[in-house]
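What follows is the residue order along each chain.
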Amino acid sequence: MDRNDICAVILAGGRSRRMGCNKALIDVNGRPIIGILADEVRRLTDRILISSNEPSSYRFLPYPVVPDRFSGCGPLAGLHSAMRSNECSLYLVLACDLPNLKAPLLRKLIALAEGYDAAIPRTRNGIAHPLCAVYRRTCLACVEKALQRGSHKFIETFLNRTLAVRWVGPEEGVYGE
């Protein structure tokens, strides 16, 4: 896959109620988590978007900040807005609080998406991780319909039988326990 066909979407729009602070900006070894993640993703693509309704928080990054078109609808709205604002084949969607992700793992996840609408990791006990996954542009209509119906649950959208989803288990070396 050509790096120009991939758009990385870093989801940084959460309210961080449990953390009490913006987790994307938490300092790890002198750098904010989101900066560490963006640097790693840049090894795969130059097309990086920050999904957030607070653009001022991310002015220090050289990437566009894309606000939600469906306000208050969570990460699914972030994917939707990214797809509407930047047309490409694949969207590598990542939660902003994943400082230990490495490009080789993400590259493998991208490769596993070949022939599917989405590649979503899950643990051995079946817990899905849709906020560290790959989605094709072919998902846009389904995502938009879910949001229009008022469905905000990311994973429910991809349990829809109209999409071909590759459920990636830990035995494939992408996601551990």
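Data block above holds the structure.
This structure is a prediction, so every number in the text was calculated from the model and none was measured.

(A) The overall build of the chain, seen in detail. The number of helices and strands found in the chain is five helices and nine strands. In the chain, the succession of α and β elements from N to C terminus is β-β-β-α-β-β-α-β-α-β-β-α-α-β. For 177 residues, the compact-globule estimate of 2.2 N^0.38 gives 16 Å, and the chain sits close to it at 15 Å. C-alpha extents for the chain along the principal axes are approximately 40 × 35 × 35 Å. Put simply, the chain has 177 residues, and 48% of those count as buried. Summarising the internal contacts of the chain: among those between residues at least 6 apart in sequence, 66% fall at separations of at least 24. Accessible surface for the chain amounts to roughly 8,800 Å². Of this, 49% is attributable to carbon and sulfur atoms.

(B) Representation of the side chain of Glu 144. Within the secondary structure, Glu 144 sits in helix α4 (residues 140-149). Looking at Glu 144, its side chain comes within polar contact range of the side chain of Arg 84, at 2.8 Å. Excluding anything up to four places from it in sequence, Glu 144 contacts His 80 and Arg 84.

(C) Geometry of the nonpolar core. Membership of the largest hydrophobic core comes to 30 residues, with the highest contact counts inside it found for Ile 10, Ile 34, Ile 50, Leu 92, Leu 94, Leu 106 and Val 134. Among the elements of the structure, β1 (6-11), α1 (33-41), β4 (48-51), β6 (90-95), α3 (103-112) and β8 (132-136) are those that each provide at least two residues to this core. Ranked by the residues each element gives to this core, the list is headed by α3, at five residues. If you look at the next biggest cluster of nonpolar residues, it comprises 28 residues, including Cys 7, Met 83, Leu 140 and Leu 163.

Definitions and limits used
- Residues numbered from 1 in each chain as written.
- Predicted model: local features only at pLDDT ≥ 70, side-chain atom pairs only at ≥ 80, totals over all residues.
- Heavy atoms only, no water.
- Helix = DSSP H or I, 4+ residues; strand = E, 2+ residues; numbered from the N terminus.
- Rg over C-alpha atoms; globule rule 2.2 N^0.38 Å.
- Buried < 20%, exposed > 50% of the residue type's maximum accessible area, 1.4 Å probe, protein only.
- Contact = heavy atoms within 4.5 Å.
- Areas by Shrake-Rupley, 256 points an atom, 1.4 Å probe, with all protein chains shown as cover.
- Polar contact = N/O pair within 3.5 Å; in protein donor to acceptor, adjacent residues only side chain to side chain.
- Core = buried A, V, L, I, M, F, W, Y, C linked by side-chain atoms within 4.5 Å.

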